[in-house]
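Each chain is listed here by its residues.
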Amino acid sequence: MSTDKKPLLEVRDLKQHFPISSGSLLQKQVGAIRAVDGVSFDVYPGETLGIVGESGCGKSTTVRSISQLYKPTSGSVKFNGVDLVSADTRTMLKARRDIQMIFQDPYASLDPRMTVRSIIAEPMVIYNNRKLLETPMSPMEIERRVEELMERVGLNKAFKNRYPHEFSGGQRQRIGIARALALNPKIILADEPVSALDVSIQSQILNLLVDLQKEFGLTYLFIAHDLAVIQHISTRVAVMYLGKIVEISEAVQLYDNPLHPYTIALLSAAPIPDPKVERERKRIILTGDVPSPDKERTGCYFYDRCPKKMPWCSCHIPPMFDINEKQQVACWLYDKRDLSKVTMEEAEADAAKNAN
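Here we summarise the structure given alongside this text. As the structure is a computational prediction, the values presented were derived from the model and not from experiment. Every chain's residues receive numbers from 1 upward, in the order its sequence appears when written. Thresholds applied to this predicted model are a pLDDT of at least 70 for local features of residues and 80 or more for the giving and counting of side-chain atom pairs; totals over whole chains, interfaces and linings are not thresholded and use all residues. Side-chain numbers come from the whole structure's heavy atoms, not from hydrogens or water.

What follows is about the pairing of strand β9 (residues 236-241). Each residue's exposure class comes from its accessible area (1.4 Å probe, protein chains only) as a fraction of the maximum for that residue type: buried when under 20%, exposed when over 50%, partly exposed otherwise. Counting from the N terminus, the helices are DSSP H or I runs at least four residues long and the strands are E runs at least two residues long. Of all 6 residues making up β9, 6 are buried, and the element is well covered by its neighbours. DSSP-based pairing: two strands are paired if at least 2 bridges between them are found. As defined by bridge partners, strand β3 (residues 48-52) adjoins β9 across 4 bridges and the pair is classed as parallel. Paired with Val52 across the bridge in β9 is Val239. Bridge count between β9 and strand β10 (residues 244-250): 6 bridges; the pairing is antiparallel. Bridge pairing in β10 places Met240 opposite Ile245.

Given below as structure tokens:
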């Protein structure tokens, strides 16, 4: 996907496999859960890249692997030219100043024994003590910064000595956002930040995030399973299925013209706030369940449930095809060759030939 900007974040062939062990005494690895299985994308300064997909498709694992909360099995994550996967402790600590996270559960991600003041001030205190801030901060400056952040996210600074349990879910998420802003980051990894909130509160938090992005020039990697939320906030959208990105496109283009069979089915399940259109449109019901991610796949990851599958798809993993400057899709339907006429025997013979 062509652009004049240089990517702020470059993810290449990122894999996150969790081992499956067996044995009561001597634990032996007998397999692996392939939560993320070869993901590649770029995030550009000032944009919001939304990642959407079914529960369990690897969205949250992807952002946790990018932030190195999980050490990736393989692949590279470059932020401002620094590979975070191979970075040493101090380099990683410097990079984390510019990479912050907002977590899904605003209560579980806040220490219940700490006051709001301590929670928001903690990143500044840590980086100040380790002399990693560009300008050292005095305790009074940290205090003022905490109050400014609370006011900016819509919290009364008089509540800074209260504890997380004294706030509502929406207020707790605002505390999490204030903590993420404490070090003036360049990118925020938002892991379903509104999914645990009421619908009315969701809109408030989304509008707050949009305002903060404009004010501070932030870049977002935004995870959600709600298609309406992704459409509202995203510049571009990546669609994930079974640990793979199957389509990536500008948000407007994706919703107007989805290409991958999974994307089409996913969008058909989203309700439309127009009774007439809702009654007349056709919903695509996918057959079967999502396959288990514990098996290595040699063909398209969506093959088992795809209504348009071909024999070729069963034993060939599709690459990303450039449809235009704004849209890429991993589907053999968009190969220049007519693969619909290839038999299963021919497809398997070709796969065996390439394997040797």
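What follows picks up the thread again.
What follows is about the packing of helix α5 (residues 169-181) against helix α6 (residues 199-216). The geometry of α5 relative to α6 is characterised by a closest axis approach of 10 Å and an angle of 15° between their N-to-C directions. For the element pair α5 / α6, the angle class is roughly parallel. In this structure, the crossing between α5 and α6 has a hand that is right-handed. Residues Gly170, Arg174, Ile177 and Leu181 of α5 pack against Ile201, Gln204, Ile205, Leu208, Leu209 and Leu212 of α6. For the contact of α5 with α6, the class distribution of residues is 7 nonpolar, 2 polar and 1 charged. What counts as an axis is a line fitted to C-alpha atoms, over the stretch in contact for a helix, and the angles between N-to-C directions run from 0 to 180 degrees. The scheme is simple: roughly parallel for angles under 35 degrees, roughly antiparallel for over 145, roughly perpendicular for 65 to 115, oblique for anything else. Handedness of each helix crossing follows the sense of rotation of the near helix against the far helix: counterclockwise by less than a right angle gives left-handed, clockwise gives right-handed. When checking whether two residues touch, look at their non-hydrogen atoms; a contact exists if any pair is within 4.5 Å. Polarity classes work like this: nonpolar for Ala, Val, Leu, Ile, Met, Phe, Trp, Tyr, Cys and Pro, charged for Asp, Glu, Lys and Arg, and polar for all others, with Gly in that last group.

The next subject is the environment of Glu151. With respect to the secondary-structure elements, Glu151 resides in helix α4 (residues 139-152). Along the chain, Glu151 and Ala178 lie 27 residues apart, while their C-alpha atoms are 9.3 Å from each other.

What follows covers α4. Across its 14 residues, α4 extends 20 Å between first and last C-alpha, which sits within 8% of the 20 Å expected from 1.5 Å per residue. On the buried face of α4, the contacting elements are α3 (116-129) and α5. Directly after α4, the chain includes Gly154, whose backbone phi takes a positive value near 90°. What a helix should span is 1.5 Å times the count of its residues minus one.

With that out of the way, let us pick up helix α2 (residues 89-96). Those residues of α2 that sit buried are Met92, Leu93 and Ala95. Along the long axis of α2, the arc covered by the buried residues comes to 160°, so they all point the same way. Among the structural elements, β4 (74-79), β6 (99-102) and α3 are those in contact with the buried residues of α2. Sitting at the head of α2, Asp88 places a side-chain oxygen 3.3 Å from the backbone nitrogen of Arg90. Here, the arc refers to the directions that run from the helix axis to the C-beta atoms. N or O atoms within 3.5 Å of each other form a polar contact, as long as, within protein, one can give a hydrogen and the other can take it, and as long as residues adjacent in sequence are counted only when both atoms are side-chain atoms.

This part covers the pattern of salt bridges. Salt-bridge detection follows one rule: a side-chain nitrogen of Lys or Arg within 4 Å of a carboxyl oxygen of Asp or Glu. Counted under the stated rule, the structure contains 14 salt bridges. Notably, a salt bridge pairs Arg34 with Glu296, separated by 3.9 Å at the nearest N-O pair. You can see Arg34 sitting in strand β2 (residues 28-43) and its partner Glu296 sitting in the loop between α10 (275-280) and β11 (321-324), a full 262 residues away along the chain. Assessed through its relative accessible area of 63%, Glu296 is described here as exposed. A salt bridge links Arg236 to Glu47; the shortest N-O distance between them is 2.8 Å. Of this pair, Arg236 sits in strand β9 while Glu47 is found in the loop between β2 and β3, placing the two residues 189 residues apart along the sequence. Of the two residues examined, Arg236 and Glu47, each falls in the buried class. One network of salt bridges, in which partners are shared, links Arg117, Glu143, Glu147 and Lys160.

Before going further, it helps to spend a moment on the sheet that holds strand β5 (residues 82-83). Where strands meet in a sheet, backbone hydrogen bonds hold them as pairs that are either parallel or antiparallel. Reading across the sheet, the 4 strands line up as β2-β1-β4-β5 and stay open at both edges, with antiparallel pairing between neighbours. Of all the strands in the sheet, the pair left with one neighbour each is β2 and β5. Here β4 pairs with β5 via 2 bridges, running antiparallel. Residue Lys78 lies in a different strand from β5, and its bridge partner there is Asp83. Across the sheet, helix α1 (residues 59-66) lies against β1 (9-22), β2 and β4, angled at about 110° from β1, the strand it touches most.

The subject of this paragraph is unusual backbone geometry. Of note, the phi angle at Asn80 is positive, near 55°, even though the residue is not glycine. Asn80 gets classed as partly exposed once you look at its relative accessible area, which sits at 42%. Of note in the backbone geometry, Glu192 takes a positive phi value of approximately 45° without being a glycine. If you trace the backbone, Glu192 turns up in the loop between β7 (187-191) and α6.

With 5 of its 5 residues buried, β7 lies for the most part within the structure. The side-chain alternation of β7 yields two buried faces, one formed by Ile187, Leu189 and Asp191 and the other by Ile188 and Ala190. Here 4 bridges tie β6 to β7, and the two strands are oriented parallel to one another. Bridge pairing in β7 places Gln100 opposite Ile188. As paired strands, β7 and strand β8 (residues 219-223) are joined by 5 bridges and run parallel to one another. Within β8, the residue paired with Ile188 across the bridge is Tyr220. Looking down the strands as they point away from you, a crossover is right-handed if its path from the first strand over the helix to the second goes clockwise. Taken together, β7, α6 and β8 form a β-α-β motif whose crossover is right-handed.

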